[in-house]
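Listed below are the residues making up each chain.
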Amino acid sequence: KSESFNKSCPFHTMSKTAIDDFSATVRRQALDEAAAATFPAAQPIVNVHAHTFFSYNYRGYSPSHFALESKRRGLAVSGIVEFDCLDGLDEFLAAGLLLDLKTSIGLESRVYVPEFGDREINSPGEPGISYHMGIGFSSTDIPQEAQTYMDGLRATSAERNRGLVDRVNAHLDPVALDYEADVLPLTPSGNATERHICVAYGRKASAQFPDEEALARFWADKLGVEVDQVADLPDGRGLTDLLRSKTMKSGGVGYVQPDSGSFPHMPDMNRFTLLCGAIPTLTWLDGCSAGEEAIEELTDVAMATGVAAFNVIPDRNYTPGSPDQKLANLQEVVAMTERRGLPLIGGTEMNSPGQKFVDDFDSDALYPLRPAFLKGAHILYAHTVLQGMAGMGYLSEWAKNSFPDVFAKNDFFNAFGEAFSPRGEDRLRDKLSSERGPDEVLELARFVVT
């Protein structure tokens, strides 16, 4: 399997690959050619939280590439999540349709939770700040109010990045970035992250210090470490992780402590998500912070303003072969989602070097939790299809009127997600109607894919 990446991407290690080109036309042609292959049958494995190069993927994967690799690996459901944008949505849904791959799209950002203003949640060192998500977006044609909100997210992020670069430039002198010239070209749509900035610094320093020993001494001096602690030059994981930690995170020269006005409040993002016909989703790190130790209280707060699903990145919550507190926390939080009827979604993110393409669901730690992750992914896929076709998604009026409780609703959406696949979309679209009841819709889903 090729591990080559686009030379215009910040993550290449070998030669350019067309499917990761910044041109959508080039990517689509590459995907069309690759789609002629024979693929394995789907397996009981999922990854519905992976970033692409529209926010940051350490392998430089485009949405088309992630879809293709998902099909090659036999994922039952594949989902992308981007920071502060929906730029990959149309491409990813189209790739799923071409490959007969079940897909979903999410958006991730950060929010402020006033009720937890004095407690750290899942953004280390930042009390009251939480990574937060919307999942199951089915269209980029969203209400103007929602578009204005999303535009604001991107504008605020860009402003934050420019301020960060200014502060870090002063510290790293004579190495200095021009945000427009050095950072934005590393992204296909200008949606840069801190990781793009770190790569840009690595490359800029390498250009100014072509001798590797001199380059290592520069970084050791500027970051306050010994030379032997500087690794993976010029822009690999060792260097970029160290740079990010020392200059951009709490205590670093570029860091500014956020406050209640730095990010939208959780109810604001939930409202945006609902306006888009998607599902507000609480995210969880590992249960070790003061906020996550009060996970029942946090979930109550979140659900009161619209949260109806729960996100976990499972691989960082256990050490294979070594049960520990994080694994116990993971097991407990999964049990909580099941008690509350919150669909559980998960993935590997792929926005930090070394993260897996898909979790090891055969491991001792994850095997018992596999059914919950599979069910959540099928629910998410079913919502994406039904919301996109007829406004009959998980939180729609149709769903509210069709089920006696959340558990019956989950069972229906899970069954639909298992039974249906993209090859039946044209036939389903012609017959689907909110006048149909759940049993009819499920029977129809099974019929159109036979």
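Up top is the structure these notes are about.
Bear in mind the structure is a predicted one, so any value in this text is a computation, not a measurement.

The next thing to look at is the pattern of salt bridges. Counted under the stated rule, the structure contains 28 salt bridges. With a closest N to O distance of 3.2 Å, Asp-241 and Arg-237 form a salt bridge. You can see Asp-241 and its partner Arg-237 sitting in helix H8 (residues 237–247), 4 residues apart, about one turn around the helix. Taking the relative accessible area as the measure of exposure, Asp-241 reaches 28% and is therefore partly exposed. Overall, the relative accessible area of 40% leaves Arg-237 in the partly exposed class. A salt bridge links Glu-440 to Arg-436; the nearest nitrogen and oxygen atoms lie 4.0 Å apart. For Glu-440, a relative accessible area of 40% gives the class partly exposed. One salt-bridge network, in which partners are shared between bridges, spans Glu-296, Asp-300, Arg-339 and Arg-340.

Our focus in this paragraph is the environment of Arg-446. Looking at where Arg-446 falls in the secondary structure, it is placed in helix H17 (residues 438–448). When near neighbours in sequence (up to four residues on either side) are disregarded, Arg-446 contacts Ala-415 and Ala-419.

Covalently bonding the sulfur atom of one cysteine to the sulfur atom of another cysteine gives a disulfide. Inspection of every chain in the model, using the stated rule, returns 0 disulfides. In this structure Cys-276 is a free cysteine whose sulfur lies 13 Å from that of Cys-85, the closest cysteine sulfur available.

Okay, the side chain of Lys-409 next. Examined against the element boundaries, Lys-409 turns out to sit in helix H15 (residues 406–419). For Lys-409, which is buried and forms no salt bridge, the nearest opposite charge comes from Asp-405, at a distance of 9.3 Å. Among the polar contacts listed, one links the side chain of Lys-409 to the backbone oxygen of Tyr-394, at a separation of 3.0 Å. Non-local contacts of Lys-409, meaning those with residues more than four positions away in its chain, are made with Tyr-394, Leu-395, Ala-399 and Phe-403.

Attention now goes to the pairing of strand E3 (residues 103–112). The buried fraction of E3 amounts to 10 of the 10 residues, a majority that puts the element mostly inside the structure. Of the two faces of E3, both are covered, the one formed by Thr-103, Ile-105, Leu-107, Ser-109 and Val-111 as well as the one formed by Ser-104, Gly-106, Glu-108, Arg-110 and Tyr-112. Inspection of the sheet shows strand E2 (residues 77–83) paired to E3 by 6 bridges, in the parallel sense. When the bridges of E3 are listed, Val-81 appears paired with Gly-106. The sheet contact formed by E3 and strand E4 (residues 129–135) spans 7 bridges and is antiparallel. When the sheet's bridge partners are listed, Val-111 is paired in E4 with Ser-130.

Among the nonpolar cores identified, the biggest contains 130 residues, and Tyr-201, Trp-219, Phe-310, Phe-413 and Phe-416 are the most heavily contacted of them. For this core, the element with the highest residue contribution is helix H13 (residues 370–390), accounting for 11 residues. Ignoring any residue separated from it by four or fewer positions in sequence, one finds Phe-413 in contact with His-378, Ile-379, Ala-382, His-383, Leu-386, Met-392, Gly-393, Tyr-394, Trp-398, Ala-399 and Phe-403.

Once that is clear, we can look at helix H3 (residues 89–99). Counting along an α-helix, one turn takes 3.6 residues, and residues three or four places apart therefore face a common direction. For H3, the full list of buried residues reads Leu-89, Glu-91, Phe-92, Ala-95, Gly-96 and Leu-99. Residues of H3 that are buried make contact with helix H1 (24–34), helix H2 (63–73), E2 and E3. Of the residues flanking the end of H3, it is Asp-100, one or two places downstream, whose phi is positive at about 55°.

Taken across its 5 residues, strand E1 (residues 46–50) has 5 buried, putting it largely inside the fold. In this view, the connection linking E1 to its parallel neighbour E2 by way of H2 has right-handed handedness.

Quick look at the packing of helix H4 (residues 144–172) against helix H9 (residues 266–275) now. Closest axis-to-axis distance for the H4/H9 pair is 9 Å, and the angle between their directions is 135°. Considered as vectors, H4 and H9 are oriented oblique to each other. Handedness of the crossing formed by H4 with H9: left-handed. Contacts between H4 and H9 pair Glu-145, Ala-146, Tyr-149 and Met-150 from the former with Asp-268, Met-269, Arg-271, Phe-272 and Leu-275 from the latter. For the contact of H4 with H9, the residue count by class is 6 nonpolar, no polar and 3 charged.

Conventions we followed
Residues numbered from 1 in each chain as written. Predicted model: local features only at pLDDT ≥ 70, side-chain atom pairs only at ≥ 80, totals over all residues. Heavy atoms only, no water. Salt bridge = Lys/Arg side-chain N within 4 Å of Asp/Glu carboxyl O. Helix = DSSP H or I, 4+ residues; strand = E, 2+ residues; numbered from the N terminus. Buried < 20%, exposed > 50% of the residue type's maximum accessible area, 1.4 Å probe, protein only. Contact = heavy atoms within 4.5 Å. Disulfide = S-S within 2.5 Å. Lys, Arg positive; Asp, Glu negative; His and termini not counted. Polar contact = N/O pair within 3.5 Å; in protein donor to acceptor, adjacent residues only side chain to side chain. Pairing = 2+ DSSP bridges. Core = buried A, V, L, I, M, F, W, Y, C linked by side-chain atoms within 4.5 Å. Right-handed = clockwise from strand over helix to strand, strands pointing away. Axes fitted to C-alpha atoms, helices over the stretch in contact; angles between N-to-C directions. Parallel < 35°, antiparallel > 145°, perpendicular 65-115°, else oblique. Left-handed = near helix turned anticlockwise from the far one by under 90°. Nonpolar A, V, L, I, M, F, W, Y, C, P; charged D, E, K, R; others polar.

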